Amino acid sequence: MSKAIIMTGNSAAALAAKMCRIQVVAAYPITPQTSITEAISNYVESGELKAEYVRVESEHSALTVCIAASTVGARAFTSTSSHGLLYMHEQVHWAAGSRLPIVMCCVNRGVGAPWSIFNDQQDSVSQRDTGWIQLYCRDNQEIIDTVIQAYKIAEAVSVPVMVCYDGFVLSHTMMPVVVPMQEQVDAFLPPLKTSGHLDTANPRNINPVVFPWRRADSQGVMRDGYMEIRYKLHSALNDARGVITQVNGEYARVFGRDHGGLLWDYNANAAEILIVAMGSIASESMPAIDSLRAQGINVGLIGVRAFRPFPKLEVREKLAGAKAIIVLEKAISYGHDGALACELKAALYGSAVRVPFHSYVAGLGGRDVNAKEIEAAITDSLKQIAEGNLEPPTHWLNCRTE
Amino acid sequence: MPEKLFKVNLQEYMLPGQRACQGCGLSLSFRYILKALREDTIYTIPASCLTVLCGLYPTTAVRVPILNCTFPSTAASASGLVAGLRALNREETTVVAIAGDGGTLDIGIQALSGAVERETDFIFVCYDNEGYMNTGTQRSSATPIGATTTTTPLLTKQQHKKDMVRIMAAQDVPYISVSSPSYPLDLYDKFVKAKRIGGSRYMQIAVPCPPGWGYHSKDTVRMGKIAVEAGIVVLCEIEEGKFKFTGRSKVIAERGKRTTVNQYLEKQQRFRRMSTEQKEQFQQWVDTRWEEYREWSQR
Ligand SMILES: Cc1ncc(C[n+]2csc(CCOP(=O)(O)OP(=O)(O)O)c2C)c(N)n1
Ligand code: SF4
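The rules we used
Counting from 1, residues in each chain are numbered in the order their sequence is written. Written order determines the labels here, with chains lettered from A and ligands numbered from 1. Given that this is a predicted model, residues contribute local features only at a pLDDT of at least 70 and side-chain atom pairs are listed and counted only at 80 or more, while totals for whole chains, interfaces and linings are drawn from all residues. Hydrogens and water are ignored here; the side-chain numbers use all heavy atoms of the structure. Secondary structure elements follow DSSP: runs of H or I of four or more residues count as helices, runs of E of two or more count as strands, with numbering from the N terminus. In this analysis the probe radius is 1.4 Å and the grid spacing 1 Å, with only protein atoms considered; a cavity is a set of points the probe fits into but cannot get out of, a pocket is an open set with protein on both sides within 12 Å along at least five of seven lines, and lining residues have an atom within 4 Å of a point. Grid points are joined across faces, edges and corners, and a volume is the space filled by probe spheres set on the points. Three classes are used, and their members are as follows: Ala, Val, Leu, Ile, Met, Phe, Trp, Tyr, Cys and Pro are nonpolar, Asp, Glu, Lys and Arg are charged, and the others, Gly among them, are polar. At least two bridges found by DSSP between two strands is the condition for calling them paired. Note on definitions: a residue-residue contact is assigned when non-hydrogen atoms from the two residues lie within 4.5 Å. Helix axes use the C-alpha atoms of the stretch in contact, all axes being lines fitted to C-alpha atoms, and the angles between their N-to-C directions lie in the range 0 to 180 degrees. Being near a molecule or strand, for a residue, means having at least one of its heavy atoms within 4 Å of it. Nitrogen and oxygen atoms within 3.5 Å of one another constitute a polar contact, given that in protein one can donate a hydrogen and the other can accept it, and given that sequence-neighbouring residues count only through two side-chain atoms. Computed with the Shrake-Rupley method and a 1.4 Å probe, the accessible areas treat only the protein chains shown as cover for residues. Only rings of Phe, Tyr and Trp enter the pairing, Trp through its six-membered ring, and a pair is recorded when the two centres are within 6.5 Å. The plane angle decides the type: under 30 degrees is stacked, over 60 is edge-to-face, the rest tilted. Working definition: with a 1.4 Å probe on protein chains only, accessible area under 20% of the residue-type maximum means buried, over 50% means exposed, and in between means partly exposed. By definition here, charges over rings are those cases where NZ of Lys or CZ of Arg is within 6 Å of the ring centre and within 35 degrees of the ring normal. For a crossover, the right-handed case is the one in which the path from the first strand over the helix to the second runs clockwise, viewed with the strands pointing away from the viewer. For the purposes of this description, domain bounds are those given by an automatic or database domain assignment. Accessible surface is computed with a 1.4 Å probe, and the buried area is the amount of it that two parts give up when combined, taken over both parts together. Salt bridge criterion: a side-chain nitrogen from Lys or Arg within 4 Å of a carboxyl oxygen from Asp or Glu.

**Structural notes on unusual backbone geometry**
Alright, step 1. With an omega dihedral of -5°, the bond running from Ala-113 of chain A to Pro-114 of chain A counts as a cis peptide bond.
Alright, step 2. Its location among the elements puts Pro-114 of chain A in the loop between strand E5 (103-108) and helix H6 (122-125).
Alright, step 3. Of note, the amide linkage connecting Tyr-57 of chain B to Pro-58 of chain B takes the cis form, showing an omega dihedral of 5°.
Alright, step 4. Along the chain, Pro-58 of chain B turns up in the loop between helix H3 (49-53) and strand E2 (66-68).
Alright, step 5. Even without glycine at this site, Thr-137 of chain B takes up a positive phi of about 65°.
Alright, step 6. As for its placement among the helices and strands, Thr-137 of chain B is situated in the loop between strand E4 (123-128) and helix H7 (164-170).

Following this line, the structure appears as structure tokens:
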């Protein structure tokens, strides 16, 4: 029987990685991710997990180790936050370009300067265009389940997956988590078949310099140029939409929990006002929605789980009946709007949905955003919309802006 | 000597059509490295002249498995290969990282220092052409004093070369060696030996580079020899902290007679702006280091 255990988000992530029988781990300490790496060290040193743990000297090396280990066919895991993720940026691209099924937890934290150890999602959102799949979790149960799903997805499409969740809000908060049974995880996620990219019997030069144009190999067969290789990565991410949905469905059947594939929703059917959010700010919006509905306001919530690949058509479908859209998010695309707001507007262009659109940047650097404040923001937006303020620039919630 | 020559692996792993410049000291060295390390070896190579030498997709000039990695990450990439192979019970495969001096002494030093501190079971090869050659001869920390490069075009490099051998020795790397393609059997023997021993192994090779140094491509072997005769390049091994001159350097050390650096400096365009004072400083730097190595060899 599966049983519920009270644990933090980081414990859930570490436990999930262990249950996936990861073979190589490399990580470097950074708040608020550190306790994942500590927990995994414990698993390895106590013999509970048979894995090579490489205690690297930097995050750049952490992801490098995963890249090389994954190239020889080992299941590799790392985790990081904020500056750690930024420091590995070169390797974040390299991992995706190498088409390796690495899974990395990003415990979301604000980035400096100035220093902040607290939560927002600027770190992972700023890695949007690296070619990774990005999944955002709303609670600790979703973390354990998503890490397990992430390997299945990554190994199906040969694209690395970043499992993102909010620092402290989830990483250090205890919640009951139903722990799947190991045999079920083993059946769901069979051992990684050695890709054998680096085989001494069949030598190959992996990731050499590639020309812009297609070129014949020594047998006269035309091979991809750089641009075809890029297109294949792009297509793999596009194809990943179906895989993410399918893996989520399969997971729900086996383990009885459905977190939504690309999206999830709460009271969204026939709701006139739709809130869109990602991660813990989405879960924090749920009580606000309950309260507003109790006041007779027909409001619902769409949680974006996959930020990349972005669920463009699914979002359009979900928002088709909306009379107003309000976005809440913990990242900003400086000089433009909130990052999620930009994506949503782009997804809606050309669709029939042409409704008032308000967006809020909230909770940067760990500033509290509670349900009451979210409720007040929604109420205020509805008032403004009624007054004809249909698409203002992004609001900064709870922030002195004069 | 001739008997030794017959021991050299006849198999060629480097094919015709490799893309290094004519007279490249790296290509001479690489051919012997591959022969010495034979099969069951995996290489990881960062951005450098060696990337280009190995060929451009979809053809390759070398018949060995290679994982290209980013410029700073070579030793970490090797660590990942070692970890992955261990996890898959393929430990018998030798993992070799090969980087230029920039990829070793400069941008790669953090990953390298970390990997050897972790006692990673791998060979790290630094081929030292004394500059960023792949990007067109910029200054590196391995460039000698008085050399012009494209980033020290008028005033020349003002500092001495970084002594990476001593940095590795300070980290107690169990096997360290310096070789030169001008003495291929000495180089070959060191790699045969290195393959047999475990732990971290740091192997530096002084590779003359015709376009980067400004001399005719026919003179590469000669340039390497002049460097050794003057003690600018010291062929050696440091095993478990114990320093040993090898090959030609051993003969020179025993005889106690080195040539001056003058011939070396005169034969290369890159030293044409070197001041008399810098020449003296260079000679002094070579002398001091030689003395220190000599004392070390007697410890
Ligand atoms: C992070 C990063 N910075 C800069 C470069 C550009 N780059 C490629 S090769 C190279 C020089 C390599 O020099 P070295 O390691 O000495 O090898 P060599 O070219 O001399 O063989 C540079 C600067 C890069 N690829 N990555
Ligand atoms: S630039 Fe120098 S090191 Fe690079 S390939 Fe040419 S000769 Fe060799």
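Next comes the rest of the account.
**Describing empty space enclosed by the protein**
All names here are of chain B.
Alright, step 1. This structure, assessed with the given rule, holds 1 cavity of 30 Å³ or more.
Alright, step 2. Around the largest cavity sit 27 residues that line it, and Asp-128, Lys-161, Ala-206, Ile-232 and Val-233 are the ones nearest its centre.
Alright, step 3. If you tally residues by element for the lining of the largest cavity, the top one is helix H13 (residues 276-298), at 4 residues.
Alright, step 4. Tallied by class, the residues present in the lining of the largest cavity amount to 18 nonpolar, 3 polar and 6 charged.

**Focus: the sheet that holds E4 of chain B**
Alright, step 1. The sheet built from 9 strands is open, its strands ordered E9(A)-E2(B)-E1(B)-E3(B)-E4(B)-E6(B)-E5(B)-E7(B)-E8(B) with mixed pairing. Sheet topology places strand E9 (205-206) of chain A together with strand E8 (242-245) of chain B at the edges, where each strand pairs with a single neighbour.
Alright, step 2. Alignment of strand E5 (residues 175-179) of chain B against strand E6 (residues 201-206) of chain B, held across 5 bridges, turns out to be parallel. Each residue of the ladder has a partner; that of Ile-176 of chain B, found in E6 of chain B, is Tyr-202 of chain B.
Alright, step 3. Helix-sheet contacts for helix H4 (residues 74-87) of chain B involve strand E1 (41-45), E2, strand E3 (94-100) and E4 of chain B, and the interaxial angle to E3 of chain B is about 170°.

**Some points on the site of ligand 1**
Alright, step 1. By nearness alone, 17 residues border ligand 1, and Gly-102, Gly-103, Tyr-127, Gly-131 and Asn-134 of chain B come closest of all.
Alright, step 2. Nearby residues around ligand 1 are contributed by chains A and B.
Alright, step 3. Between ligand 1 and Asp-101 of chain B, the relevant distance is 3.4 Å, taken from an oxygen atom to a side-chain nitrogen or oxygen of the residue.
Alright, step 4. Here an oxygen atom of ligand 1 and a backbone polar atom of Met-133 of chain B are 3.0 Å apart.
Alright, step 5. Across the complex, the protein chains shield 76% of the 580 Å² of accessible surface that ligand 1 would expose by itself.
Alright, step 6. Considering each element in turn, the shell around ligand 1 owes the most residues, 3 residues, to helix H5 (residues 101-106) of chain B.
Alright, step 7. Grouping the constituent residues of the shell around ligand 1 by class yields 7 nonpolar, 8 polar and 2 charged.

**Some remarks on the packing of aromatic side chains**
Alright, step 1. Summed over the entire model, instances satisfying the criterion amount to 22 aromatic pairs over all chains.
Alright, step 2. Between the aromatic rings of Trp-213 of chain B and Tyr-264 of chain B, the centroid separation amounts to 6.3 Å while the plane-to-plane angle is 75°, which identifies the pairing as edge-to-face. Here Tyr-264 of chain B lies in helix H12 (residues 262-266) and Trp-213 of chain B lies in helix H9 (residues 210-213), a separation of 51 residues in the sequence.
Alright, step 3. Since its relative accessible area comes to 4%, Trp-213 of chain B is described here as buried.
Alright, step 4. For Tyr-264 of chain B, a relative accessible area of 2% translates into the label buried.
Alright, step 5. Ring pairs connect the aromatic residues Trp-213, Tyr-215, Tyr-264, Phe-271, Phe-282 and Trp-285 of chain B, which therefore count as one cluster.
Alright, step 6. Its end group placed over the ring of Tyr-151 of chain A, Arg-75 of chain A keeps NZ or CZ at 5.6 Å from the ring centre.
Alright, step 7. In this arrangement the basic side chain of Arg-138 of chain A is found over the ring face of Trp-264 of chain A, its NZ or CZ atom lying 3.8 Å from the centre.

**A short note on the pairing of E6 of chain B**
Residue and element names in this part refer to chain B.
Alright, step 1. Taking burial as the measure, the 6 residues of E6 include 6 buried ones, the bulk of the element.
Alright, step 2. Neither face of E6 is exposed, since Arg-201, Met-203 and Ile-205 on one face and Tyr-202, Gln-204 and Ala-206 on the opposite face are all buried.
Alright, step 3. Pairing of E4 with E6 involves 6 bridges; the strand directions are parallel. In the strand pairing of E6, Phe-124 is matched with Tyr-202.
Alright, step 4. Crossover handedness for the path E5 to helix H8 (residues 184-196) to E6: right-handed.

**Details of the layout of surface pockets**
Alright, step 1. Looking at the second largest pocket, its volume works out to about 400 Å³.
Alright, step 2. Forming the boundary of the second largest pocket are 22 residues, of which Arg-21, Ile-22, Gln-23, Leu-49 and Lys-50 of chain A lie nearest the centre.
Alright, step 3. Of all the elements in the fold, those that place two or more residues in the lining of the second largest pocket are helix H1 (9-19) and helix H8 (182-188) of chain A together with H4 of chain B.
Alright, step 4. Residues belonging to the lining of the second largest pocket are distributed by class as follows: 11 nonpolar, 3 polar and 8 charged.

**Thoughts on the sheet that holds strand E12 (residues 263-266) of chain A**
Residues and elements named next belong to chain A.
Alright, step 1. Across the sheet, which stays open at both edges, the 6 strands sit in the order E12-E14-E13-E16-E17-E18 with mixed pairing between neighbours. Sheet topology places E12 and strand E18 (395-396) at the edges, where each strand pairs with a single neighbour.
Alright, step 2. Summarising the sheet, E12 and strand E14 (residues 299-304) pair through 4 bridges and their orientation is antiparallel. The residue bridging Leu-263 from the neighbouring strand is Val-304, located in E14.
Alright, step 3. Along the sheet face, helix H11 (residues 312-319) touches E12, strand E13 (273-277), E14 and strand E16 (324-329) and points at about 15° away from the line of E12.
Alright, step 4. Sitting on the sheet, helix H12 (residues 339-348) touches E13, E14, E16 and strand E17 (357-361), and the angle it makes with E16 is about 150°.

**Brief notes about the domain arrangement of chain A**
Reports of interface size often rely on the accessible area that becomes lost once the parts have come together.
Residues and elements named next belong to chain A.
Alright, step 1. Here the domain parsing of chain A yields domain 1 (3-188) and domain 2 (263-396).
Alright, step 2. Each of domain 1 and domain 2 has a C-alpha centre, and these two points are 27 Å apart.
Alright, step 3. Listed per partner, the contact involves 22 residues of domain 1 and 22 residues of domain 2.
Alright, step 4. Buried area between domain 1 and domain 2, summed over both chains or domains, comes out near 1,900 Å², and the portion from carbon and sulfur atoms is 51%.
Alright, step 5. When residues of domain 1 are sorted by the area they lose upon contact with domain 2, Gln-122, Arg-128 and Arg-138 head the list and together hold 32% of the total.
Alright, step 6. At the boundary of domain 1 with domain 2, the tally comes to 2 salt bridges.
Alright, step 7. In this structure, Glu-142 engages Arg-305 in a salt bridge whose closest nitrogen and oxygen atoms are separated by 2.7 Å.
Alright, step 8. Here domain 1 and domain 2 share 15 residue pairs in polar contact (both at pLDDT 80 or more) between them.

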